[in-house]
Amino acid sequence: MVREMKLKIRNCFLILFLGLILSLNAQIISSPESFLGFKVGEDYKLASWEQIVNYFNLLDESSDKIRVTELGKSTEGNPFIMAVVSSSENMLNLDEYKSIARRLAVGGISEQQAGRLSKEGKSVLLVTCGIHASEVGAAQMSMELAYKLITEQTPENREILDNVIFLLVPSFNPDGLIMVRDWYNKYLQTPYEASGMPWLYHKYTGHDNNRDAFMLTQVESQYVTKILYKDWFPQVYLDAHQMGRSGPRLFVPPFADPANPNVDPLVWRGIALMGSHMAAGLQANGHSGVVSNAMYTGWWEGAFLMEAFFHNCIGLLTEMASVNIASPVFQRFSELSGARRGMRGYEIAMNFPDPWKGGWWRLRDIVDYELTASFSLLDACATYKEELLYNIWKMGNNAVEKGKNEPPYAYIIPKKQWDTPTSLKMLDVLIQGGIEVHRSRSSFIADGIEYPEGTYVILMSQPYRAFAKDMLEPQKYPDIRQYADGPPVPPYDVAGWTLPYQMGVKVREVITPIQGDFVTVNKIEMLKGEVPSDKGDEYILKHNTNNSIIAVNRLLKDGYELYLSADKIKVGEEEYPSGTIIISSKTGIYEKLKSLAEELSLEFVSASNSIPGKGYKVRKPRFGMYKPWSASMSEGWNRWLLEKYEFEFKNILNSEMKAGTLNERYDVIYVPDIRAEGIIEGRAEGTVPPAFAKGIGNEGLANLKEFVKNGGTLIMLDSACELVIGELGLPVVNVLKGIDSEKFFCPGSILKIEVNNNHPVGFGMENEAAANFSRSPAFRVIPSFNIDAEVVAKYPAKNPLMSGWILGEKNIFNRAAVVDIPYEKGHVILIGFNVIQRAQAYGTFKILFNSIFYGASELTELP
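All of these numbers come straight from a predicted model, not from anything done at the bench.

Participant: Hey, could you go over the sheet that holds strand S14 (residues 437-440) for me, with residue numbers and the actual values?
Facilitator: Strand order in the open sheet formed by five strands is S18-S13-S17-S14-S19, and the pairing between neighbours is antiparallel. Single-partner strands in this sheet number two, and they are strand S18 (508-510) and strand S19 (518-521). Each neighbouring strand pair of the sheet contributes to a mean axis angle of 35°, computed without reference to strand direction. Inspection of the sheet shows strand S13 (residues 410-413) paired to S18 by three bridges, in the antiparallel sense. When the bridges of S18 are listed, Ile412 appears paired with Arg508. Each of S13, S14, strand S17 (456-459) and S19 touches helix H15 (residues 420-432); the most contacted strand, S17, lies at about 30° to it.

Following this line, the structure appears as structure tokens:
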């Protein structure tokens, strides 16, 4: 008895001693407040990215429960970091748990093995913060979240750390965080404290960085996608955002209708479970104003958390009501509104049971809500660990079985493509997104068609079948109205995004079971092009590949003489279409072309004799693109694309537009997709510092008109077309201007266009292409005695819809989509749809590229 009491006393002392050690350890680790010198979320205070990185590195040095890794550099060279947080024991076995997560996600194991691994493994949760850099709360909160999880010795934390591997990306957009903080601090306590930056908070994409989830054009997108589908395979992913502040304080899932039919129902159930757990935790902690089943839908997959749906991952979104960066705001109850999808008003409802009553709203409130939501989610991941692990295997297995037993059984990418390098680029993008791509080692037959050895095939019996199918098939958005036969309810973002259509790649769906000798391809190898060894007087290059544009720009830069054939030409026994690129020979040409052929997969042909006929002699364009002070995403995407294809250009600001004499500096001016009123008026005086107020005004518009009259080429994209139609008296009418949405509605869909590829703007295009249409114009050309407008592309006489949703399509039958309008000595080119579309629309890039070259060329005899 005495011995037992001594043992108990000793154990009590041991527990007290261990508790003291743990307490001392917690005291050694600096809190964010002591490190920063202010409380996270304090009014008017923001931690810098350097401070956040340094704090996470300090946590790494101070605790064995966290490991911080730099995944690479951001677009502008700042560190992009991820923290891994778990128990000390788990941290010693991360590779094992990572392997378990991978095996369950990618399949190839039995149900019995999946059950065992679900018990042995740990749930993996990824949280990313601050992809939209002006939504500062989550990135600031991340420091306190990591600190509390590591240092607070509660039973709840121990349960989380024992059962969850927590991946935390403190900022998805470090460059933007730096820019936003610098701008905010510069204008703090001035009339411009609440003004938004006049430039994008990501160098190229701005707010659209969250629309890069499948195209992966930016390095930050590539880092997070690699975490999700190559390295860690988390079962749950939360992307933390902020929204406007005129309504609820916080959105947590479930999402609103419509639901994408390709997503496994277990994803929707998992989202409901995790979201409800978060909502319950928020309510229990007194956080009012939380809404679910509203605003954000389950249809679109362009955002990172939404793309997770199609990878059997529970993708979650939080959207906090914003403040003015770090400045508090006061809101009366009467100012709050519920005029949103899924809400009948700002009143109590099943999905909004406790409306916020108004008052002061601060950055610290955002931090507190985010902390509660994050800990509630971590608790759910610990509580449902085995179910989460098992279900990701089950969904993957469901997809594999579905691919074996129902069509489509495969998608085939034929070897013969209009633009082969682009078809390979599409496959590369899909592989980065986790899709299994195969290549045939011998010929095979599918749906009665024989395909040769080396054909790429996407077999649909694979865990990420939903993603492959959703990328490759046409979308059919449901016809949702505000009431019966009433106005349409717009989709969240776009209705259709079918990647082969956008990229101009031919893909064939296989509807019967497929057999063949196929090998998995982990990396797409670009084809090596060729230059014939028999050197000629001239060289010929087809215009159909986008890579030919890079070759043209490099050759022009190096002083080579280039022509685009005005008509069909014949070299030897082969006929080439109008727009074929002709390169005059000079010293060093063979070596130059050989280098281009190998790098860009181009096929050059030599011509020993001069080619008769007419052609457009292309000069290096003196090219400018308009850049407003409204942080235009269209300008940013265009800038990224033009740099990628190696165009040299200058940004034209409002001041230069107003100064005039534009012909002295430019042959071609391009105005991206910016609404006319935004170009003319710009940002209102008093809302931004004076240097960034106003637009080009009537003065700038008059100078654009003068530029065209004097021989310049003006390219207008999509909504910008309205700027010049009336001012220049162009012989076109936008037939959709002012039309009621019940008579015509086409929100973010892909439409068929017919292209005149004998016109210089259509050179290198197929006869038909896919156009990204989103509340765009469509033109009726008015016959004119003095202006001979040429239609380069038009919508067909019937059935223009390829993917998405359209109402009242008759309104655009046979209407022009792209028009070239001679105007005195110059040209105006109206491109009435988004030929760029977030750098996804490879199939229509050439319409823009050709327009630029057209403006810097002259029709002459071929040499």
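Participant: Before we move on, could you go through unusual backbone geometry and cite the residues and values that matter?
Facilitator: For the peptide bond that leads from Asp257 to Pro258, omega is 5°, which places it in the cis range. In this structure, Pro258 sits in strand S7 (residues 256-259). In this model, Pro407 is joined to Pro408 through a cis peptide bond whose omega is -5°. Relative to the helices and strands, Pro408 is located in the loop between helix H14 (385-405) and S13. Its identity as a non-glycine residue notwithstanding, Asn293 has a phi of 50°, on the positive side. Along the chain, Asn293 turns up in the loop between strand S8 (290-291) and strand S9 (297-298). Backbone geometry at Asn312 places phi at a positive 65°, although glycine is not the residue there. Tracing the backbone shows Asn312 in the loop between helix H12 (304-309) and strand S10 (314-321).

Participant: An account of the pairing of strand S5 (residues 236-243) is needed here, citing residue identities and associated values.
Facilitator: Within S5, eight of the eight residues are buried, which leaves it mostly tucked inside the rest of the structure. By the alternation rule, side chains of S5 split into Val236, Leu238, Ala240 and Gln242 and Tyr237, Asp239, His241 and Met243, which are all buried. Bridge count between strand S3 (residues 123-129) and S5: five bridges; the pairing is parallel. Residue pairing for S5: Leu126 is matched across the bridge by Tyr237. Both S5 and S10 contribute to a ladder of eight bridges, which runs parallel. Bridge assignment links His241 to a residue of S10, and that residue is Glu319.

Participant: Give a description of the packing of helix H18 (residues 547-557) against helix H19 (residues 589-600) that names residues and reports values.
Facilitator: At a minimum axis separation of 10 Å, H18 and H19 run at an interaxial angle of 150°. Classified by the angle between their axes, H18 and H19 sit roughly antiparallel to one another. For the pair H18 and H19, the crossing hand works out as right-handed. Contacts from Asn547, Ile550, Ala551, Arg554 and Leu555 in H18 reach Lys592, Leu593, Leu596, Glu599 and Leu600 in H19. When its residues are assigned to classes, the contact of H18 with H19 shows six nonpolar, one polar and three charged.

Participant: Run through the pairing of strand S29 (residues 668-671), naming residues and quoting values.
Facilitator: On S29, burial covers both faces: Val668 and Tyr670 on one face and Ile669 and Val671 on the other are all buried. One ladder, built from three bridges, connects strand S27 (residues 623-626) with S29; its direction is parallel. The residue of S29 that forms the bridge with Gly624 is Ile669. Where S29 and strand S30 (residues 713-717) come together, four bridges link them in parallel fashion.

Participant: How would you explain the nonpolar core if you had to name every residue and give the values?
Facilitator: Phe56, Tyr237, Ile458 and Val818 are the most contacted members of the largest nonpolar core, which totals 246 residues. The greatest single-element share of this core, amounting to 12 residues, is contributed by helix H13 (residues 363-383). Ignoring anything within four residues of it in the chain, the contact list for Ile458 reads Tyr409, Ala410, Tyr411, Ile413, Leu427, Leu430, Ile435, Glu436, Val437, Ala468 and Leu472. Formed by 34 residues, the second largest nonpolar core is a distinct cluster that contains Leu662, Tyr666, Val708 and Leu830.

Participant: Would you mind going over the packing of aromatic side chains in detail, with residue names and values included?
Facilitator: Following the criterion strictly, the structure yields 43 aromatic pairs and no others. Centroid distance Trp356 to Trp361: 5.4 Å. Interplanar angle 65°. Geometry classified as edge-to-face. Classification of Trp356 as buried rests on a relative accessible area of 9%. Under the relative-accessibility criterion, Trp361 is labelled buried at 1%. Note on Tyr616 and Phe763: the rings are 6.2 Å apart at their centroids and 65° apart in plane angle, and the pair reads as edge-to-face. You can see Tyr616 sitting in strand S26 (residues 614-618) and its partner Phe763 sitting in the loop between strand S32 (749-755) and strand S33 (768-773), a full 147 residues away along the chain. Classification of Phe763 as buried rests on a relative accessible area of 0%.

Participant: Outline the environment of Glu156, listing residues and values.
Facilitator: Residue position: Glu156 is located in helix H8 (residues 155-163). A relative accessible area of 48% places Glu156 in the partly exposed class. Taking C-alpha positions, Glu156 is 7.3 Å from Asp379, a pair spaced 223 residues apart along the chain.

Participant: Before we move on, can you summarise H14 with the specific residues and values?
Facilitator: Spanning 21 residues, H14 covers 31 Å between terminal C-alpha atoms, matching the ideal 30 Å at 1.5 Å per step. Restricting attention to buried positions, one finds in H14 the residues Lys385, Leu388, Leu389, Ile392, Trp393, Met395, Gly396, Ala399, Val400 and Gly403. Summarising the axial view, the buried residues of H14 lie within an arc of 150°, below the 170-degree limit, and thus occupy one face.

Participant: Please give an account of the pattern of salt bridges that cites residues and values.
Facilitator: Two side chains of opposite charge can pair, provided their charged atoms sit close to one another. Taken as a whole and judged by the stated rule, the model has 37 salt bridges. A salt bridge links Glu386 to Lys119, with the shortest nitrogen-to-oxygen separation between them at 4.0 Å. Of this pair, Glu386 sits in helix H14 while Lys119 sits in helix H6 (residues 111-120), and the two are 267 residues apart along the sequence. The class for Lys119 is exposed, based on a relative accessible area of 56%. Between Glu401 and Lys404 there is a salt bridge, with its nearest N and O atoms 3.5 Å apart. Taken together, the positions of Glu401 and Lys404, both in helix H14 and three residues apart, correspond to about one turn of that helix. A relative accessible area of 48% means that Lys404 is categorised as partly exposed.

About the cut-offs
- Residues numbered from 1 in each chain as written.
- Predicted model: local features only at pLDDT ≥ 70, side-chain atom pairs only at ≥ 80, totals over all residues.
- Heavy atoms only, no water.
- Pairing = 2+ DSSP bridges.
- Helix = DSSP H or I, 4+ residues; strand = E, 2+ residues; numbered from the N terminus.
- Axes fitted to C-alpha atoms, helices over the stretch in contact; angles between N-to-C directions.
- Contact = heavy atoms within 4.5 Å.
- Buried < 20%, exposed > 50% of the residue type's maximum accessible area, 1.4 Å probe, protein only.
- Parallel < 35°, antiparallel > 145°, perpendicular 65-115°, else oblique.
- Left-handed = near helix turned anticlockwise from the far one by under 90°.
- Nonpolar A, V, L, I, M, F, W, Y, C, P; charged D, E, K, R; others polar.
- Core = buried A, V, L, I, M, F, W, Y, C linked by side-chain atoms within 4.5 Å.
- Phe/Tyr/Trp six-rings, centres within 6.5 Å; stacked < 30°, edge-to-face > 60°.
- Expected span 1.5 Å × (residues − 1).
- Arc of directions from axis to C-beta.
- Salt bridge = Lys/Arg side-chain N within 4 Å of Asp/Glu carboxyl O.

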